[in-house]
Amino acid sequence: MTAHIRTVLAALAIGLCPVHPGLAQPPARIVSLVPAVTEMLFGIGAGELVVGVSSFDRHPPEVGALPRVGGLLDPDVERVMSLRPELVVVYATQQELRGQLTRAGIETFPYRHGSGLAAIAGTIRTLGALADRRDGAEALASRIEQRLAAVGARVGGRPRPRTLLVFDRQPSSLRGIYASGGVGFLHDMLETAGGLNVFADVDRESVQLNLETLISRAPDVIVELQITGDVGPEATSREAAAWSQLPTIPAVRDGRVYLLGGDAFVVPGPRIAEATERLARALHPEAFDDEP
Amino acid sequence: MLRAASVSFAYGSHRVLDEVDVAIAPGALVGILGPNGSGKTTLITVLGGIARPARGEVTLDGTTLSRLSRVEIARRMAIVPQDTHLTFDYSVLEVALMGRYPHLSSFELEGPRDIEIARHALAATGTSDLEQRSFLSLSGGERQRVVIASALAQLADAEVLTPPPDGRGPSRVLLLDEPTASLDPAYQLEVADILRELSTRGHLTIAVCTHDLNFAAGLCRELVMLRDGRVIAAGPTDEVLTPETIRRLYGIDADVQRLAATGRLSVVPLRRVSAGPGA
Amino acid sequence: MTGSLGRRVAVVWLTFGALLLLIGAAAPLIGSTAIDLRRVFVATVPFDENVDAQIFFVARLPRVVAAAIVGGALAAAGVVFQALLRNPLATPFTLGVSAGASLGAMLALTFGTPVVVPGLSDSAVASFVGALGAVAIVYGLATARQRGFSTTVLLLAGVTLNSFFSALILFVQYLADFSQTFRTVRWLMGDLDVGGYRPILSALPFTLGAFAIFAWLPRPLNLLALGPDSAATRGVDVLRTQRLAFFSASLATGAAVSLGGPIGFVGIIIPHLVRLIVGADHRLVLPAATLFGAAFLIACDVVARTLLAPLELPVGVVTAVLGGPFFLWLLIRQR
């Protein structure tokens, strides 16, 4: 599961660029190296066009049967080409791969992660145009936008707790803690979910913390994403126990340390609205009292 | 008396010393002569107790070295190697004081007496004015004399360098490995003078190994000739140093004369005769 | 330096000790957050509610203590390794101990560990085990085919092991995913934010054991500088000295690296700097290096945690930035 944190970190380093490749007609065979885009393709009804996915793809379940072609650091060009794709979704930084595919006459769609949730809907619409699934794309994008708006509405007006959003740390100890800075994807989710990022003032996507900073920033809520991948009760209590080293932190004192598992948080794709909602539920449980 | 009895030593399968018998009487000044590879250095390390022979034994004043502790041996025998490569920048006095190691316990610091002994030793080798200099800044000849001083400090008992008048008491042995090999003639003469002085006045037992025939002839009263790990001749210099033994040792024809100027033998190599060992 | 040796030893202990005390006392008072020192020691407020006390005793003080231990251990190990290998360019990491520790930490951070020791991070335990493994291999190689101990073979074995383990580390990094690689690279830069006294107490027995041996080594190491045979003829038990030097310095290095990661330059700058000040006698160099190394790393850690606050600069970067130029200067001034 921690494989997906890789995706987040990679995604956080990339900017937006909705490029429309020059395809004469919609592609019939697509290979996707980007798990977020794979999910989007399936979500807009283009799943049947997908013939190959990355090593890190997990969703939707259908990808289990598809051939794997590597990922950001180790794309397998031969494998990609053996699947005879008409379009290959790559990371914008995979320039060498793009070059090789272009020379082979294969169209590529460079994926750059936008600096906001809005970029997700935008990418979905772009894919819809590309794959001739405009209706499906519009439906998916609208659903996401509506759900995010709904979350915003629920938590709007409520006092926003100062929140620390941790996306990595060494298990069972408080060393090597990485949290979201004031820029990027995770920060946007946090703000939409009604939280106030304690590091909103830091103009970076990730911040490595030391204990002094933790104690002095004193967050009211700590949300940890996917530490060991296991969020069962035993793991939760063990990881929560690690935080008990710092009892003056309001989040620790008031028991508001939440572990949220599942890769929906770190794949900026169709499930992002669901993830944002889960984040909002952790921060504002009372706003969701009327819903199970 | 320092005696090696039937000593053999090997590096792996290569026999370096083969049933070597050497007897060095108290107060002797012995030269161990031989070509490169004859086992001279190994003999020095075995006699000095820092290498253990595979067979045979070395005794000092009747006690086998293996029955003595390192420190006990160190108080009575010192080896001066051909070169000393000092890793860090110690002063000359510090190097001389290193000779006091066997006389101090683990955490004991050198006291005024040790410093006095070291200074006497430096004076005996004419290096007193180098005391505060860095050892690494010295010339080859100066370094060699300082190392000899360090060895003297090692052999000095509490009575400093004034020996008992009759020369009795435990032997104090100074073993030198090619002391003049890298020195120019001036330094060679100086070292020879120092060793001669130490032998007569200092009552040390001295053994010097060298391949320099003239140095040995000029300095040593007795010679041991070593070839391929075996002793081929031993005895007073005047008897042992002959053209025949020199031929057997080095495979050369040489002229041996007594020099009027020094009263000592002098050797002039003339030509090679045999191609290699086994003559 | 003139003056009796006893007096000089006392002066060294007093001056460098005072330096360490000064820096060690000031360091917990400095940080990215302003704290009120009076509040820190107020007894009426429970510790769990006293923010100033928490910052002082949980966030800062453990770092200062850890820095002192790691800095002192690495500097002393540097001195001992330089004497053992008879090479002024030797560092505590020359013989592969740090590479073994790094490989251990890497494996733990990438694949997890089968056993979790409460209070200690995975990487701390695994890196110590890795260090011990490297020591065993290097020692085994150095003593395999001869009686006694060849420092040449030791050096070759250590350098070879360094290369081999570095290759394995690269391989593990290749297998790791992005975040694991991130974590491991970060570990390699050093981190003294131990966050508690447990890791310190775990490292302490090994460090103290090493220092107990260090106390005995200075005189034999002085003589070893003449060469093994010259030392032997003066009565030094060369084999025992070499073995003790190797194991104690490796133990100190292994404990230091498992506590704070492989922090570089301390083990080479400090010995050289100290020798420039006090001379070559190890009875002065070893205590001076230990005390100065501790003070130095405490200071570097203060810089690491305050310079770019709230961001944390890896302490290994600070020692490198200070150490690199100094080392160059040292090399240039060598005649």
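Scoring rules and cut-offs
- Residues numbered from 1 in each chain as written.
- Chains lettered and ligands numbered in written order.
- Predicted model: local features only at pLDDT ≥ 70, side-chain atom pairs only at ≥ 80, totals over all residues.
- Helix = DSSP H or I, 4+ residues; strand = E, 2+ residues; numbered from the N terminus.
- Buried ≥ 20, exposed ≤ 12 C-beta atoms within 10 Å, placed from the backbone.
- Contact = placed C-beta atoms within 7 Å.
- Rg over C-alpha atoms; globule rule 2.2 N^0.38 Å.
- Pairing = 2+ DSSP bridges.
- Axes fitted to C-alpha atoms, helices over the stretch in contact; angles between N-to-C directions.
- Nonpolar A, V, L, I, M, F, W, Y, C, P; charged D, E, K, R; others polar.
- Expected span 1.5 Å × (residues − 1).
- Arc of directions from axis to C-beta.
- Core = buried A, V, L, I, M, F, W, Y, C linked by C-beta atoms within 7 Å.
- Left-handed = near helix turned anticlockwise from the far one by under 90°.
- Parallel < 35°, antiparallel > 145°, perpendicular 65-115°, else oblique.
- pLDDT = per-residue confidence, 0-100.

A few points about the overall build of chain C
A tally of regular secondary structure across chain C gives 14 helices and 0 strands. In chain C, the order of α-helices and β-strands from amino to carboxyl end is α-α-α-α-α-α-α-α-α-α-α-α-α-α. Along the three orthogonal principal directions, the C-alpha set of chain C runs to about 65 × 55 × 35 Å. Burial status across chain C gives 57% buried among its 335 residues. For chain C, long-range pairs separated by at least 24 residues make up 77% of all intrachain contacts whose partners lie at least 6 apart in sequence.

Points about the overall build of chain B
A count of helices and strands for chain B gives 9 helices and 12 strands. Against the globule reference of 19 Å for 279 residues, chain B gives a C-alpha radius of gyration of 19 Å, in line with a compact fold. Expressed along its principal axes, the backbone C-alpha trace of chain B runs to roughly 55 × 45 × 40 Å. Looking at the 279 residues of chain B, the share that counts as buried comes to 47%. Across chain B, every contact between residues at least 6 apart in sequence was considered, and the portion connecting residues at least 24 apart equals 65%.

Observations concerning the sheet that holds strand β3 (residues 29-33) of chain B
Residue and element names in this part refer to chain B. Taking strand neighbours across the sheet as the criterion, the 6 strands line up as β6-β7-β8-β3-β9-β10 in an open arrangement whose pairing is mixed. In this open sheet, the two edge strands, each paired with only one partner strand, are β6 (77-80) and β10 (230-236). Between one strand and the next, the sheet's axes are offset by a mean angle of 15°, whatever the strand orientation. The sheet contact formed by strand β9 (residues 222-227) and β10 spans 6 bridges and is antiparallel. Bridging from a neighbouring strand, Glu 222 pairs with Pro 236 of β10. Each of β3, β7 (173-177) and β8 (205-210) is contacted by helix α6 (residues 185-200), which is oriented at about 150° to β8, the strand it contacts most.

Some details on unusual backbone geometry
Cis geometry is found at the peptide bond from A:His59 to A:Pro60, where omega equals -10°. Going from C:Ala309 to C:Pro310, the amide bond is cis rather than trans, its omega being 5°. With respect to the helices, strands and loops of the structure, C:Pro310 is situated in the loop between α13 (282-306) and α14 (315-333). Of note in the backbone geometry, B:Glu178 takes a positive phi value of approximately 45° without being a glycine. Within the secondary structure layout, B:Glu178 lies in the loop between β7 and α6. Given 21 C-beta atoms within 10 Å, B:Glu178 falls into the buried group.

Digging into the interface of chain A and chain C
The interface is formed by 28 residues belonging to chain A together with 29 residues belonging to chain C. When contributions to the side of chain A that touches chain C are tallied by element, the ones reaching two or more residues are α1 (3-12), β8 (206-208) and α8 (211-217) of chain A. Grouping the amino acids of the side of chain A that touches chain C by side-chain chemistry returns 13 nonpolar, 11 polar and 4 charged.

Description of helix α6 (residues 134-155) of chain A
Residues and elements named next belong to chain A. Here α6 contains 22 residues, and its C-alpha end-to-end distance of 32 Å stays within 8% of the 32 Å for a straight helix at 1.5 Å per residue. Along α6, the residues classified as buried are Gly 136, Ala 137, Leu 140, Ala 141, Ile 144, Leu 148, Val 151 and Val 155. Take α6 and look down its axis: the buried residues cluster within an arc of 130°, on one side only. In α6, the exposed positions that point more than 90 degrees away from the buried face belong to Asp 135, Gln 146 and Ala 153. With its phi angle positive at about 85°, Gly 157 sits one or two positions after the end of α6.

Section: the interface of chain B and chain C
By a widespread convention, an interface's size corresponds to the accessible area lost as its parts come together. Of the residues lining the interface, 25 residues belong to chain B; the matching set on chain C comes to 22 residues. When residues of the side of chain B that touches chain C are traced back to their parent elements, those giving at least two are α2 (70-76), β6 and α3 (92-98) of chain B. With 3 residues, the top contributor of residues to the side of chain B that touches chain C is α2(B). Counted by class, the side of chain B that touches chain C contains 13 nonpolar, 8 polar and 4 charged residues.

Let's talk about the sheet that holds strand β5 (residues 63-64) of chain B
Residue and element names in this part refer to chain B. The sheet built from 4 strands is open, its strands ordered β2-β1-β4-β5 with antiparallel pairing. Whereas interior strands pair on both sides, the edge strands pair on one side only; in this sheet they are β2 (14-24) and β5. In this sheet, β5 lies alongside strand β4 (residues 55-60) in antiparallel orientation, the contact comprising 2 bridges. When the bridges of β5 are listed, Leu 60 appears paired with Thr 63. Seen against the sheet, helix α1 (residues 40-47) touches β1 (2-11), β2 and β4 and runs at an angle of roughly 125° to β1.

What to know about the nonpolar core
Core analysis: the biggest nonpolar cluster contains 189 residues, and B:Ala96, B:Leu174, C:Val70 and C:Val80 have the highest contact counts within it. A total of 17 residues in this core trace back to one element, the largest contributor, which is helix α3 (residues 51-84) of chain C. Sequence-distant contacts of B:Leu174, defined by excluding residues within four places in its chain, comprise B:Ala78, B:Val80, B:Ala151, B:Leu155, B:Leu198, B:Leu204 and B:Ile206. Membership of the second largest hydrophobic core comes to 89 residues, among which are A:Ala121, A:Val221, A:Val266 and A:Leu283.

Regarding the packing of α13(C) against α14(C)
Residue and element names in this part refer to chain C. Interaxial distance between α13 and α14 falls to 8 Å at its minimum, and their mutual angle equals 115°. With respect to the hand of their crossing, α13 and α14 are arranged in right-handed fashion. Packed against α13, whose contacting residues are Cys 300, Asp 301, Val 303 and Ala 304, the element α14 presents Val 315, Val 318, Thr 319 and Leu 322 at the interface. Each residue belonging to the contact of α13 with α14 can be placed in one class, and the counts come to 6 nonpolar, 1 polar and 1 charged.

Looking at the packing of helix α5 (residues 122-143) of chain C against helix α6 (residues 151-175) of chain C
Residues and elements named next belong to chain C. Taken N-terminus to C-terminus, the directions of α5 and α6 make an angle of 140°; their axes are 8 Å apart at the nearest point. Between α5 and α6, the angle falls in the class oblique. As for how α5 packs across α6, the hand of that crossing is right-handed. Here Ala 134, Ile 137, Val 138, Leu 141 and Ala 142 of α5 come into contact with α6, specifically with Val 153, Leu 154, Ala 157, Gly 158, Leu 161 and Phe 165.

Structural notes on helix α5 (residues 140-155) of chain B
Across its 16 residues, α5(B) extends 23 Å between first and last C-alpha, which sits within 8% of the 22 Å expected from 1.5 Å per residue. Most of α5(B) is tucked away: 13 of the 16 residues are buried.

Side note on the arrangement of the chains
Summarising the chain contacts, 2 pairs of chains touch, and the pair with the most contacts is chains A and C. Note that chain A does not reach chain B: the shortest distance linking a C-alpha of one to a C-alpha of the other is 41 Å.

Comments concerning the environment of A:Pro75
Residue and element names in this part refer to chain A. Along the polypeptide, Pro 75 turns up in the loop between β2 (50-53) and α3 (77-82). Taking the C-beta count within 10 Å as the criterion, Pro 75 has 23 such neighbours and is therefore assigned buried. The contacts of Pro 75, once residues within four sequence positions are left out, are Leu 33, Val 69, Gly 70, Val 80, Gln 94 and Leu 97.

Notes on the confidence of the model for chain C
All names here are of chain C. Here chain C averages 90 in pLDDT, while 97% of its residues score no lower than 70. Highest mean pLDDT in chain C belongs to helix α9 (residues 218-224) (97); lowest belongs to helix α7 (residues 178-188) (81). Confidence estimates for the predicted assembly give a pTM of 0.87 and an ipTM of 0.90.

Observations concerning the environment of B:Val173
Within the secondary structure layout, B:Val173 lies in strand β7. Counting along the chain gives 47 residues from B:Val173 to B:Cys220, while the straight-line C-alpha distance between them is 15 Å.

Quick look at the environment of A:Ala280
For A:Ala280, the location among the structural elements is in helix α11 (residues 272-283). Every residue in contact with A:Ala280, bar those within four places of it in the chain, is listed here: A:Val151, A:Arg154, A:Val155, A:Ala193 and A:Gly194.

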